[in-house]
Amino acid sequence: MGTVAALCRYPVKSMLGETLLSAAVTHAGLAGDRTYAVLDDTGAIGSVKHPRKWGQLLDCRSRLTDDGAVEVELPDGVTLPVGDPDLDMRLSKLLGRHVCVSASAPADSTLERAVPQYEGGVPDVVRATASVDGTGDEITVGNVAAGTFFDFGRVHLVTTSSLAGLRAGYPDSDFDPRRFRPNLVVDTGGGQDFVEDTWVDRRVRVGEALFRVVVPTPRCVVPTLGHDELGADPGVMRAIAREHRIPVFDLGRLACLGVYLDVLEPGTVRLGDSITRQDGP
């Protein structure tokens, strides 16, 4: 079905992450992935899905050290470990309000998302609940998956054939996979566009780990933002909304790219590992 072309981990939610040669996969996802998040005093979880409030997090990079600790490189190049009060102070200054890096979310924590204007960017039933917050943006408010900082799936996969198809149709936009913050980029060669849609409900083995493909990944504003040296590109999501709006659960037809996976059997995944189907057609 393809081979692993890139492995990525994001130790602090909504910050830039790190590329890996191999990763241990547990039932909770890639070891060390989204183990921390930035919280403010209202209980909001830092997510660049609300870029006017949290967009500066994408100017920071998080990584695991050799001893398993997490450190954050700030926009000015200063690197500090999670747990250092100076890190919280510097992040508070960057964001303009008091925040802290936390390994757990309060029970009443919230996840805010800016409402995109294009059709298929948010379920209609959710759009109806939107309100304008103090930043002037129209937002919706939800939660993360219980006990985690994941929005939904534990592992996120995109394919090169889907990105190549979008790139061919919209050459003026930048479909670099980093915009979509995947854990796995799978090289599917000359496969069909959005081939990963056909994997839903299948079991697939990647290296030593076994996964179940759960659902296509609805996209939000994040791929349009600047990531590291990649500039902002609002055309990215308009293209996906035009080309690939598909049913997601009972939420209607949403703009999707990639798929979410659940972990059935933990194991190590390495760059170059093959991905193979483990059940019948």
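This text follows the structure it describes.
Conventions used here
Residues numbered from 1 in each chain as written. Predicted model: local features only at pLDDT ≥ 70, side-chain atom pairs only at ≥ 80, totals over all residues. Heavy atoms only, no water. Core = buried A, V, L, I, M, F, W, Y, C linked by side-chain atoms within 4.5 Å. Buried < 20%, exposed > 50% of the residue type's maximum accessible area, 1.4 Å probe, protein only. Helix = DSSP H or I, 4+ residues; strand = E, 2+ residues; numbered from the N terminus. Contact = heavy atoms within 4.5 Å. Pairing = 2+ DSSP bridges. Phe/Tyr/Trp six-rings, centres within 6.5 Å; stacked < 30°, edge-to-face > 60°. Salt bridge = Lys/Arg side-chain N within 4 Å of Asp/Glu carboxyl O.

Visitor: Can you help me understand the nonpolar core in this one?
Guide: Formed by 24 residues in total, the largest nonpolar core has its most connected members in Met15, Val38, Val72, Leu87 and Leu91. Broken down by secondary-structure element, the contributors of at least two residues to this core are strand 7 (70–73), helix 2 (85–95) and strand 9 (99–102). For this core, the leading source of residues is helix 2, giving 3 residues. Sequence-distant contacts of leucine 91, that is, excluding residues within four places in its chain, are made with Met15, Val38, Cys60, Leu74, Val99 and Val101. In terms of nonpolar packing, the next biggest core, distinct from the first, is built from 22 residues, Leu20, Val155, Trp199 and Val259 among them.

Visitor: How should I be thinking about the sheet that holds strand 4 (residues 29–30) in this particular structure?
Guide: The strands making up a sheet associate through hydrogen bonds between their backbones, and the pairing can be parallel or antiparallel. In space, the 3 strands of this open sheet follow the order 4-3-19, with antiparallel pairing throughout. The open sheet terminates on both sides in strands that have one partner only, identified here as strand 4 and strand 19 (267–270). Alignment of strand 3 (residues 22–26) against strand 4, held across 2 bridges, turns out to be antiparallel. Across the sheet, valine 25 pairs through a bridge with leucine 30, a residue of strand 4.

Visitor: How should I be thinking about the packing of aromatic side chains in this particular structure?
Guide: What describes a pair of aromatic rings is the distance from one ring centre to the other and the angle between the planes of the rings. A full pass over the atoms with the stated rule returns 2 aromatic pairs. Relative to tyrosine 260, the ring of phenylalanine 152 has its centre 5.6 Å away and its plane inclined at 50 degrees; by these criteria the two rings are tilted. Of this pair, phenylalanine 152 sits in the loop between strand 12 (138–142) and strand 13 (155–159) while tyrosine 260 sits in strand 18 (residues 253–265), and the two are 108 residues apart along the sequence. Classification of tyrosine 260 by relative accessible area gives buried; the value is 13%.

Visitor: How do you make sense of the pattern of salt bridges when you look at a structure like this?
Guide: Charged atoms that come close allow side chains of opposite charge to pair. Taken as a whole and judged by the stated rule, the model has 19 salt bridges. One salt bridge connects aspartate 40 with arginine 97, and the closest N-O pair in it is separated by 3.4 Å. Of this pair, aspartate 40 sits in strand 5 (residues 37–40) while arginine 97 is found in the loop between helix 2 and strand 9, placing the two residues 57 residues apart along the sequence. The buried category is assigned to aspartate 40, whose relative accessible area is 9%. Across the pair aspartate 228 and arginine 61 runs a salt bridge whose closest N-O atoms are separated by 2.7 Å. With aspartate 228 in the loop between strand 16 (209–218) and helix 5 (235–243) and arginine 61 in strand 6 (residues 61–64), this residue pair connects regions lying 167 residues apart in the sequence. Connected through shared salt-bridge partners, Asp40, Lys53, Arg97 and Glu112 make up one network.

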